[in-house]
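In case you want the letters, here they are:
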Amino acid sequence: MNVFRILGDISHLLAIIILLLKIHRSKSCAGISGKSQILFALVFTTRYLDLFTTFISAYNTVMKVIFLICAYVTVYMIYVKFRKTFDSENDSFRLEFLLVPVTGLAFLENHSFTPLEILWTFSIYLESVAILPQLFMISKTGEAETITTHYLFFLGLYRALYIANWVWRYHTEKFYDQIAVVSGVVQTIFYCDFFYLYVTKVLKGKKLSLPMPV
């Protein structure tokens, strides 16, 4: 395991912690897309089914369990504990627009046609687009709280570091997973505009705002 993989995992975990702290301290999930969080919970669930079949390392197992727990705690806080603060009107992205094509692609393009492999592939494809409901919600409201932008930044940084991890593995191990790499690149592209706004606005103490859709 190389430093890019570890830093990517840390960035990913930090993003989730930032989100949970934001909801817990403010006792509000305003500005957070519950639909994106449902998709992330589905990503972790379908990807980590190998917890019951394969042991890789203690680190790998612990991180998988942590991500699963955090994902479902986040969904619980949004839809149960603080549901009165949930902005369902602006969290209106239609999930079937993502789930249907992702499911079809997982059956058509995978490493092997077995249940676990198809579900793993589904999770990879779904993760690449799971943030879209959150970005769509921000585009509808026209702005995002600073703490929410920090969450999105570290989530995007995690994926960027994983791309560096794949480059490193290719040069050192000649390992290349086309499905994971292409999906990761697609996911990172979705963050490009956000990264620019984060650096030019949020890091300068300004609130991230977007033009309201017409």
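Not measured: the values here are computed from a predicted model. (Residues numbered from 1 in each chain as written. Predicted model: local features only at pLDDT ≥ 70, side-chain atom pairs only at ≥ 80, totals over all residues. Heavy atoms only, no water.)

## Quick word on the overall build of the protein chain
Thought 1: Tallying secondary structure elements over the protein chain gives eight helices and two strands in all.
Thought 2: When the helices and strands of the protein chain are placed in sequence order, the string is α-α-α-α-α-α-β-α-α-β.
Thought 3: Taken over C-alpha atoms, the radius of gyration comes to 17 Å for the protein chain, in line with the 17 Å a tight globule of 214 residues would show.
Thought 4: By principal-axis analysis of the C-alpha atoms, the protein chain measures approximately 45 × 35 × 35 Å.
Thought 5: The burial tally for the protein chain puts 45% of its 214 residues in the buried class.
Thought 6: Considering only intrachain contacts with a sequence separation of at least 6, the fraction spanning at least 24 residues in the protein chain is 78%.
Thought 7: With the model as given, the accessible surface of the protein chain reaches about 11200 Å², and the carbon-plus-sulfur share is 69%. (Helix = DSSP H or I, 4+ residues; strand = E, 2+ residues; numbered from the N terminus. Rg over C-alpha atoms; globule rule 2.2 N^0.38 Å. Buried < 20%, exposed > 50% of the residue type's maximum accessible area, 1.4 Å probe, protein only. Contact = heavy atoms within 4.5 Å. Areas by Shrake-Rupley, 256 points an atom, 1.4 Å probe, with all protein chains shown as cover.)

## Regarding the nonpolar core
Thought 1: With 56 residues, the main nonpolar core has I23, F44, F67, L126, I131, Y151 and L155 as its most contacted residues.
Thought 2: Elements supplying a minimum of two residues to this core: α1 (3–26), α2 (34–47), α3 (58–81), α4 (96–108), α5 (115–129), α6 (132–141), α7 (146–173) and α8 (178–200).
Thought 3: Ranked by residue count, the leading element in this core is α3, at eight residues. (Core = buried A, V, L, I, M, F, W, Y, C linked by side-chain atoms within 4.5 Å.)

## A short note on a nonpolar patch on the surface
Thought 1: Nonpolar side chains collect at one region of the surface, where Y170, Y176, V182, V186 and F190 lie side by side and expose about 440 Å² of accessible area between them.
Thought 2: Here the nonpolar patch gets three residues from one element, more than from any other, and that element is α8.
Thought 3: By the element assignment, Y170 lies in helix α7.
Thought 4: When its relative accessible area of 41% is taken as the criterion, Y170 is described as partly exposed. (Patch = residues over 30% accessible without salt bridge, like charges linked within 9 Å, V, L, I, M, F, W, Y side chains within 5 Å. Salt bridge = Lys/Arg side-chain N within 4 Å of Asp/Glu carboxyl O.)

## A short note on the environment of S33
Thought 1: With respect to the secondary-structure elements, S33 resides in the loop between α1 and α2.
Thought 2: Taking the relative accessible area as the measure of exposure, S33 reaches 0% and is therefore buried.
Thought 3: The spatial distance from the C-alpha of S33 to the C-alpha of F86 is 8.4 Å, given a sequence separation of 53 residues.
Thought 4: Leaving out residues up to four positions away in the same chain, S33 has contacts with D91, P133, Q134 and M137.

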